[in-house]
Amino acid sequence: MSRADRFLQALAGQPVDTTPLWIMRQAGRYLPEYRATRARAHDFLTLCKTPELACEVTLQPVERLGVDAAILFSDILIPVEKMGVPLTFAEGEGPRLQPVRDAAGIAALRVPDVEGELGYVLDAIRLVRRALDGKVPLIGFAGAPFTLLSYVVEGQTGKQFAETKRLLFAAPELAHRLLQKIADTTVAYLGAQVRAGAQALQLFDSWVGQLAPEDFSAFAAPYVKQVIDRLTPLGAPIIYFANDGAMLLGEAAKLGAHALGVDWRVPLDRARAQVGDQVTLQGNLDPCVLFAPPEVIERRAADVLRRAGDRPHVFNLGHGILPPTPPEHAEALVEIVHRLGQRRS
Ligand code: CP3
């Protein structure tokens, strides 16, 4: 048992030498080496679309922090652009898309040819696997259908999600048509990632916490389940991260994921009581704890580990690491989790 194995072992519910850990958004602006590579790319999308650069930033946190998994450097909106939705990232403003809200716009969207149109993502995966040489596994990812629908409909990160909900509630048939196209795209995209070398997959449902439970059951859960069911035969374990989903965990546990990502708003022991024993839990330190000194980080991380108990657990933050985080604090977290997570046998 070593660093190479413990992440996939924990996802499989198997014993581990110590708790594995990776960090959502572990490659990013808090790292000076990321900012240096980013300055060499013309912009963020160029970084995502240049396999050598995407590979370079994917490896940075693996080397600096000693995390137990790499996650492909890309963005959940990359396949959406190839569905036919023009995408830009304005400096400091986040994503901007040309919103699609009506029947004609939805009918015009395509399921992309992944090998032909998103080859740079697959090339980045192949480069990363070669460079990692088995040191740690590589996670591929996609946005979950509801979260991607919200970007397509809002044209940006939602605030009230009013246009998204207008579509869901006033034109549910259209919403389902859009969700199905996104689900088909996601299956093709993640399937290709696995064939290129991704060894686990995460579905990011960043905005699903905006939905009431019955709307989660109607508009989000069926498509997550469909994506998982269609990808499970490929053999890569799947993590479903329903951000702000404390109310949804019981339902989320029924969708067939090997692991559920849990945000910091629900303690892991209470999450466990809702999901039963069959699933690995991933999470869930508040990302802002990394602003505090190492002794506070240690006390808080110890509490997460205590609440995870002896059930299968992958340590992570409850959402992505934030740009003002001192890199040394992220390094300290990895050391702390590996030390405190050791199994006494
Ligand atoms: O985890 C990793 O290290 C892999 C890289 C990754 C990025 N985006 C890089 C990125 C992953 C997994 C994502 C997923 C993503 N993208 C999500 C789901 C995860 C989550 O946070 O809930 C979402 C909602 C997006 C959409 C997106 N991309 C937004 C809202 C933004 C702007 C926010 C910001 O921090 O500026 C992005 C841009 C983005 N994606 C950056 C990075 C490193 C910042 C771009 C830069 O370098 O300026």
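Residues numbered from 1 in each chain as written. Predicted model: local features only at pLDDT ≥ 70, side-chain atom pairs only at ≥ 80, totals over all residues. Heavy atoms only, no water.

### Notes on the overall build of the protein
Check the secondary structure of the protein and you find 16 helices and nine strands. For 345 residues, the compact-globule estimate of 2.2 N^0.38 gives 20 Å, and the protein sits close to it at 19 Å. Considering only C-alpha atoms, the protein reaches an extent of 60 × 45 × 40 Å along its principal axes. Of all 345 residues assigned to the protein, the portion counted as buried reaches 56%. For the protein, the proportion of contacts with a sequence separation of at least 24, taken over those separated by at least 6, is 72%. By element, 51% of the accessible surface of the protein is carried by carbon and sulfur atoms, the whole surface being about 13900 Å². (Helix = DSSP H or I, 4+ residues; strand = E, 2+ residues; numbered from the N terminus. Rg over C-alpha atoms; globule rule 2.2 N^0.38 Å. Buried < 20%, exposed > 50% of the residue type's maximum accessible area, 1.4 Å probe, protein only. Contact = heavy atoms within 4.5 Å. Areas by Shrake-Rupley, 256 points an atom, 1.4 Å probe, with all protein chains shown as cover.)

### A short note on the site of the ligand
Lining the immediate surroundings of the ligand are 23 residues, of which Arg29, Tyr34, Asp75, Ser206 and His319 lie closest. In this structure, Gln26 approaches the ligand through a main-chain N or O atom, which is 3.1 Å from an oxygen atom. The side chain of His319 places a nitrogen or oxygen atom 2.6 Å from an oxygen atom of the ligand. (Near = heavy atom within 4 Å. Polar contact = N/O pair within 3.5 Å; in protein donor to acceptor, adjacent residues only side chain to side chain.)

### Re the environment of Pro326
When you line up the elements, Pro326 lands in the loop between β9 (313-317) and α16 (327-340). Pro326 gets classed as partly exposed once you look at its relative accessible area, which sits at 23%. Separated by 35 residues in sequence, Pro326 and Phe291 place their C-alpha atoms 7.0 Å apart.

### Notes on helix α11 (residues 172-196)
Between its first and last C-alpha, α11 extends 36 Å over 25 residues, near the 36 Å set by a 1.5 Å rise per residue. Once α11 ends, the next one or two residues include Gly197, with phi positive near 135°. (Expected span 1.5 Å × (residues − 1).)

### Let's talk about helix α12 (residues 213-231)
Between its first and last C-alpha atoms α12 spans 25 Å; for 19 residues at 1.5 Å apiece the expected length is 27 Å, and the two agree. Maximal helix bending in α12 amounts to about 45°, located at Ala220; proline Pro222 follows within four positions. When α12 is considered as a whole, its buried residues turn out to be Asp215, Phe216, Phe219, Ala220, Ala221, Tyr223, Val224, Val227, Ile228 and Leu231. In this fold, the buried residues of α12 make contact with α9 (145-154), α10 (162-170), α11, β5 (200-205), β6 (238-242) and α13 (249-252). (Bend = angle between axes of the 7 residues up to and from the residue.)

### Re the packing of helix α8 (residues 119-132) against α11
One way to put it is that α8 packs onto α11 with a least axis distance of 9 Å and a crossing angle of 30°. Of the possible angle classes, the one that applies to α8 and α11 is roughly parallel. Of the two elements, α8 crosses α11, and the hand of that crossing is right-handed. Contacts between α8 and α11 involve Val121, Leu122, Ile125 and Arg126 from the first element and Tyr189, Ala192, Gln193 and Ala196 from the second. In terms of residue class, the contact of α8 with α11 is built from six nonpolar, one polar and one charged. (Axes fitted to C-alpha atoms, helices over the stretch in contact; angles between N-to-C directions. Parallel < 35°, antiparallel > 145°, perpendicular 65-115°, else oblique. Left-handed = near helix turned anticlockwise from the far one by under 90°. Nonpolar A, V, L, I, M, F, W, Y, C, P; charged D, E, K, R; others polar.)

### Thoughts on the packing of aromatic side chains
Within this structure, the stated rule accounts for six aromatic pairs. Aromatic pair Phe44 and Phe73: ring centres 5.9 Å apart, planes at 80°, arrangement edge-to-face. In this pair, Phe44 is assigned in helix α3 (residues 44-49) and Phe73 in the loop between β1 (70-71) and α5 (78-82), connecting sequence segments 29 residues apart. The exposure classification of Phe44 matches that of Phe73, with both residues buried. Consider the rings of Phe141 and Phe204, whose centres lie 5.5 Å apart with planes at 85°: the pair is edge-to-face. (Phe/Tyr/Trp six-rings, centres within 6.5 Å; stacked < 30°, edge-to-face > 60°.)

### A look at the pairing of strand β3 (residues 94-97)
Bridging between strand β2 (residues 87-90) and β3 involves four bridges; their strand directions are antiparallel. What sits directly across from Leu87, in β3, is Leu97. (Pairing = 2+ DSSP bridges.)

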